[in-house]
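Descriptive analysis of the structure
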Amino acid sequence: MTKQDIIQWLKEEDEDRLKKLWRQADKVRQENVGDEVHLRGLIEFSNYCIRRCGYCGLTADNKDVQRYRMSADEIIACAHEAVQYDYGTVVLQSGEDYGIKRDWLTNVVRCIKTETPLAVTLSVGERSYDDLKTWKEAGADRYLLRFETANQQLYDYIHPSLPNKISDRFEILRQLRNLGYEVGSGVMLGIPGQTYDSLADDLLLFQHLDLDMIGVGPFIPHPDTRLGKEGIPWEVDDREQVPNTELMTYKAVALTRILRPDANIPSTTALATLNSREGRELGLSRGANIVMPNMTPPEYRLLYEIYPAKACIDETAKQCHLCMKGRIYSIGRDIGVGQGGRVRRAS
Ligand code: 5AD
Ligand code: FES
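One structure accompanies this document, and this report is about it.

Parameters and conventions
Residues numbered from 1 in each chain as written. Chains lettered and ligands numbered in written order. Predicted model: local features only at pLDDT ≥ 70, side-chain atom pairs only at ≥ 80, totals over all residues. Heavy atoms only, no water. Helix = DSSP H or I, 4+ residues; strand = E, 2+ residues; numbered from the N terminus. Buried < 20%, exposed > 50% of the residue type's maximum accessible area, 1.4 Å probe, protein only. Contact = heavy atoms within 4.5 Å. Areas by Shrake-Rupley, 256 points an atom, 1.4 Å probe, with all protein chains shown as cover. Lys, Arg positive; Asp, Glu negative; His and termini not counted. Charge placed at Lys NZ, Arg CZ, Asp CG, Glu CD. Phe/Tyr/Trp six-rings, centres within 6.5 Å; stacked < 30°, edge-to-face > 60°. Lys NZ or Arg CZ within 6 Å of the ring centre and 35° of its normal.

Re the overall build of the protein
Secondary structure summary: the protein contains 14 helices and 8 strands in total. Overall, the protein is about 50 × 45 × 40 Å in size when its C-alpha atoms are taken along their principal axes. The 347 residues of the protein split such that 57% are buried. Sequence-distant contacts in the protein: of pairs separated by 6 or more residues, those separated by 24 or more amount to 80%. Accessible surface computed for the protein: about 14,600 Å², of which carbon and sulfur atoms make up 49%. Within the protein, the 51 negative side-chain charges are centred at a point lying 3 Å from the centre of the 45 positive side-chain charges.

What follows is the structure, encoded as structure tokens:
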């Protein structure tokens, strides 16, 4: 698929033609990763964050957030609960929190890996090479770090570097790959200032980066962030601005599947936030093969507000577990067994 083809699909509004795109994505999904939907139990274990991202409600600039860190015992208890629900993976996610010390997280990873059969995915921001290496050696299997947008001007505006360190997520993605992690990345859709041209570049990059996991979800403005309050300080032609809609999300999920047939692609919580009734199911029917049921204990979950009105904010791990199972069976799909890592296909 050329860049022009991608842009044309992203701009497509005709329902019949889009049906073709959904069918093709679903077929590619079926042929390459099968009907199994893998479940990744998401544990949002700290909402402290040192960064000042313009999009995220947990930005250090947001003084109204009540911050928390879960204890190691709480996290490990969640992991055991994931085993009871037959999940193959736990995702340990946090803000970029240097109160999370390297050795502390090493110990948590090691406990989960010795006490359970789970794959462990980390999603804890732009940590040092030595941190990443130590966690890999402790048994961490996968790492998620979205590059958010490959447009440098936009990235620099929405994701300012720390004073003493340039933010280069592509370099970290390379390090992760060299360390032997399965690597996940992705972008937000419809960030103010994101053009069709730039989103097409992002989708093509998924191919070049040979990512194992690719998450794409709509940007949802948070009123306590720079982007939520002010947008961006330069003009973008309305006709070129990518909308942050449900439909755009399906297009991006479907194109991602077609460009990267054997990747693991989640139907994201942000999509479920735009359409709580059937967003997850439609994502799964248009290219996705992963869901990430939230397992964060309810008292903390409320405080992990990266964007407002997040799906599943009032539920318990058990409620999300039952809900997700029902949704998967309702569309005639199976629940994955085992860790659900990337199975490479010869191409
Ligand atoms: N809307 C949608 N997605 C968001 N993320 C952060 N803030 C928002 C928002 N306001 C996504 C980013 C990040 C992931 C953990 O959540 O892509 O990488
Ligand atoms: Fe959480 Fe449906 S998955 S309520």
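The discussion continues.
Focus on the packing of aromatic side chains
Throughout the structure, instances matching the rule amount to 8 aromatic pairs. Geometrically, the ring pair formed by Phe-45 and Trp-104 is stacked, given 6.2 Å between the ring centres and 25° between the ring planes. Of this pair, Phe-45 sits in strand E1 (residues 36–46) while Trp-104 is found in helix H4 (residues 102–115), placing the two residues 59 residues apart along the sequence. Note on Phe-45: relative accessible area 0%, which makes it buried. Cluster of aromatic residues (ring-pair linked, three or more members): Phe-147, Phe-170 and Phe-206. Above the ring of Tyr-181, the side-chain terminus of Lys-136 is found at 5.8 Å from the ring centroid. Its end group placed over the ring of Tyr-157, Arg-226 keeps NZ or CZ at 4.8 Å from the ring centre.

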